[in-house]
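In case you want the letters, here they are:
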Amino acid sequence: MKKIILVFALSVVSLGFGQGNTHTQVAGKFEGLAMTPPMGWNSWNTFGTSIDEKLVKETADIMVSSGMAAAGYNYIVLDDGWMTRERDINGDLIPDPVKFPNGMKAVIDYVHSKGLKFGLYNCAGTQTCAGYPGTRGYEYQDARFYAKLGIDFLKYDWCNTQGITAKEAYTTMSNALKTAGKPIIFSLCEWGDNKPWEWGKPVGNLWRISGDIYPCFDCEYKHEEGNWSSWGFMKIVEMRKDIRKYSGPDHWNDFDMMEVGNEMNDTEDKSHFSMWCMMASPLVAGNDFRKMSKETLAILTNKELIAVDQDKLGIQGFKYSAEDGLEVWVKPLSDGNWAVTFLNRSEVAKKINFDWKKHTIKDADFGYEANFSTTIFKLKDLWKNKEAGNTKKNFTADIAPHDVIALRLIP
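How each quantity is defined
Residues numbered from 1 in each chain as written. Predicted model: local features only at pLDDT ≥ 70, side-chain atom pairs only at ≥ 80, totals over all residues. Heavy atoms only, no water. Phe/Tyr/Trp six-rings, centres within 6.5 Å; stacked < 30°, edge-to-face > 60°. Helix = DSSP H or I, 4+ residues; strand = E, 2+ residues; numbered from the N terminus. Buried < 20%, exposed > 50% of the residue type's maximum accessible area, 1.4 Å probe, protein only. Core = buried A, V, L, I, M, F, W, Y, C linked by side-chain atoms within 4.5 Å. Contact = heavy atoms within 4.5 Å. Pairing = 2+ DSSP bridges. Axes fitted to C-alpha atoms, helices over the stretch in contact; angles between N-to-C directions. Salt bridge = Lys/Arg side-chain N within 4 Å of Asp/Glu carboxyl O.

(A) A look at the packing of aromatic side chains. All told, the structure shown has 20 aromatic pairs when counted by the stated rule. Seen in terms of ring centroids, Tyr 170 and Trp 199 are 6.3 Å apart; in terms of plane orientation they differ by 40°. Their pairing is tilted. In this pair, Tyr 170 is assigned in helix H7 (residues 166–180) and Trp 199 in the loop between strand S5 (185–188) and strand S6 (206–208), connecting sequence segments 29 residues apart. The same class applies to Tyr 170 as to Trp 199, namely buried. Site record: aromatic cluster; members linked through ring pairs are Phe 342, Phe 354, Trp 356, Phe 372, Phe 377 and Phe 395.

(B) Structural context of the nonpolar core. Among the nonpolar cores identified, the biggest contains 84 residues, and Tyr 73, Trp 82, Met 104, Phe 118, Tyr 146, Phe 273 and Trp 276 are the most heavily contacted of them. Per-element accounting of this core gives the leading share, six residues, to H7. Sequence-distant contacts of Trp 82, defined by excluding residues within four places in its chain, comprise Ile 51, Leu 93, Ile 94, Pro 95, Asp 96, Phe 100, Met 104, Leu 120, Tyr 121, Phe 145 and Tyr 146.

(C) Region of the structure containing the environment of Gln 127. One can find Gln 127 in the loop between strand S3 (117–123) and helix H6 (139–149). The class for Gln 127 is partly exposed, based on a relative accessible area of 37%. Sequence separation between Gln 127 and Ser 274 is 147 residues; the distance between their C-alpha atoms is 35 Å. Apart from residues no more than four positions distant in its own chain, Gln 127 is found in contact with Tyr 132, Pro 133, Gly 134, Cys 159 and Asn 160.

(D) Quick peek at unusual backbone geometry. Unusually for a residue other than glycine, Asp 324 sits at a positive phi of about 55°. Mapped onto the elements, Asp 324 comes out in the loop between strand S11 (318–323) and strand S12 (326–332). Asp 324 sits in the exposed class, given a relative accessible area of 63%. If you check the backbone angles, His 402 has positive phi at about 65° while not being a glycine. You can see His 402 is positioned in the loop between strand S19 (395–399) and strand S20 (404–410).

(E) View of the sheet that holds S11. Reading across from one edge, S11-S12-S13-S20-S17-S18 is the order of the six strands in this open sheet, with antiparallel pairing throughout. The open sheet has two edge strands with one neighbour each: S11 and strand S18 (386–390). Averaged over all pairs of adjacent strands, the angle between their axes in this sheet comes to 25°, without regard to strand direction. Taken together, the three bridges between strand S17 (residues 378–381) and S18 define a ladder with antiparallel strand orientation. Residue pairing for S18: Asp 381 is matched across the bridge by Lys 386. Sheet strands in contact with helix H9 (residues 266–278) are S12, strand S13 (338–344) and S20, and its direction is about 40° off that of S12.

(F) Fine view of the pattern of salt bridges. The full count for this structure, using the stated rule, is 26 salt bridges. Salt-bridge contacts for Lys 380 lead to Glu 304; the nearest nitrogen and oxygen are separated by 2.9 Å. Taken together, the residues Lys 380 in strand S17 and Glu 304 in helix H11 (residues 303–309) connect sequence positions 76 residues apart. Close ionic contact of Glu 327 with Arg 345 constitutes a salt bridge, the shortest N to O distance being 3.1 Å.

Next up, the structure:
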């Protein structure tokens, strides 16, 4: 009898351990929140942790009065540094009372009153990248906190994450947000180190594919503190290979916040914006709206390029050809349209002479094709906002160093 009881007890123990090891965490993001790439503004590129209530309100006001909101920019996201250095006695995050004397809820309500949406930042690790409280071990508590505040967007970084895996950490936070019940766009920011494009679709609505951007055309900026670099926008465009097939409605490859209006010249800003639109990247401005030039505003609100970015097919563009510093980038659009962008990567002016009839564009990932021998397309110059002939004749133009010419092709 004792022998039988012992065997039964061992079976129960074995069964218990077996059950404990067979549960798999299933992701469950809020679906359908980002059917086109999100558009908005983030504080980090210009302000770092020097953020406050006044900045948020002024940014919201200008976003509306300048026409940026009407152009589609509707998220204001506060990055690192919005909270105090310690949690409260209950473990809750504390919005910095010096930076936000009326509390975070009042700031969020103000942004919402303008018809805009609001986002916050945190990190999967024990501390954020700037040393504020991270979310590790507080995922469900923080998710409830964000839901109670009424935020609409969470950017989730990857500093101080020793000992945890990205897929599990981001899945846990995704589930925590879903459990809290408030629809919140979940932006994964682990810099592409763990290939989030391969596992992120059920977890988040967008994922960063690179380290931080830097306001230059094609440089690498090596930081003195730590072994890391920031990247010029063309470095980011070409950093990852063969990932465009993973991007689409509600699951976007995120090429980082834009540097339009920050240190580059207007020509490079125009190229930067064009390439973000060609790549179907989220369009998140990172400049100081209070000091924005009319040229910068015109670039950021170019409705023809924004339409390329926001096209309902949601297909990321790709490089079709490159010769002697002159590149041709293409992007399939809805209704049989295509976007074609000529980019001068070189330091000298170039002449474009593109014979359409000698080219057939094939998109191997999504199956689209443009055969210029059988179909004639009208051309529209998206920066000059005027017709530019058709594909029956060669497209000829002069193009300055680091400049672009962006066309919409309409059959």
